[in-house]
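# Geometric and topological summary
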Amino acid sequence: QVQLVESGGGLVQAGGSLRLSCAASGLTFSTYVMGWFRQAPGKEREFVASVSGSGDRINYADSVRGRFTISRDNAKNTAYLQMNSLKPDDAAVYYCAARGQFALRYNYWGQGTQVTVSS
């Protein structure tokens, strides 16, 4: 069974930092694009960042570019999202997701981890 498990969420003051982790199992991790999404209360889920299987292709939402960094460690089957200069608008449940390199949609999703940013 494919499982994605997020961790690292919590409460942080505006301007602070958090590092989210996504541990994957049940798939050939290095062949999958890994992505991060978030959903705030009353809002639709939105794309945050993605990284290709080899780590050479990275995409960011405009709202987080320059503040967030996505990365992966294929030896550990883990993807990361380093979040710096956090803003109250960043507060959301953050989800990791995986898709095959030729897939049009993300195939698998984690359960989410809560990020709360206080002002």
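Residues numbered from 1 in each chain as written. Predicted model: local features only at pLDDT ≥ 70, side-chain atom pairs only at ≥ 80, totals over all residues. Heavy atoms only, no water.

## Brief notes about the overall build of the chain
Note the cut-off: Counting from the N terminus, the helices are DSSP H or I runs at least four residues long and the strands are E runs at least two residues long. Our radius of gyration looks at C-alpha atoms and nothing else; its globule reference is 2.2 Å times the residue count to the power 0.38. The contact criterion used is simple: two residues touch if any of their non-hydrogen atoms lie within 4.5 Å. Working convention for charge: Lys and Arg count positive, Asp and Glu count negative, and His plus the chain ends are omitted. Taken as the charge centre is NZ of Lys, CZ of Arg, CG of Asp or CD of Glu, depending on the residue.
Along the chain, the regular secondary structure elements total zero helices and 11 strands. Each helix and strand of the chain, ordered N terminal to C terminal, gives the series β-β-β-β-β-β-β-β-β-β-β. Taking 2.2 N^0.38 as the reference for a compact globule, 119 residues should give roughly 14 Å; the C-alpha atoms of the chain span a radius of gyration of 13 Å, in line with that estimate. Relative to all contacts within the chain whose residues are 6 or more apart in sequence, the contacts with residues 24 or more apart total 55%. Across the chain, the mean location of the 12 positive side-chain charges is 3 Å away from that of the 8 negative side-chain charges.

## Digging into the pairing of strand E5 (residues 46-51)
What counts, and what does not: Any two strands with at least two DSSP bridges between them are considered paired.
When strand E4 (residues 32-39) meets E5, the two strands line up antiparallel, connected through five bridges. Its bridge partner lying in E5, arginine 38 is registered against glutamate 46. From the end of E4 to the start of E5, which pair antiparallel, there are six residues, and glycine 42 there has a positive phi angle of about 75°. Where E5 folds back on strand E6 (residues 58-60), the antiparallel hairpin that results is connected by six residues, among which glycine 55 adopts a positive phi of roughly 85°.

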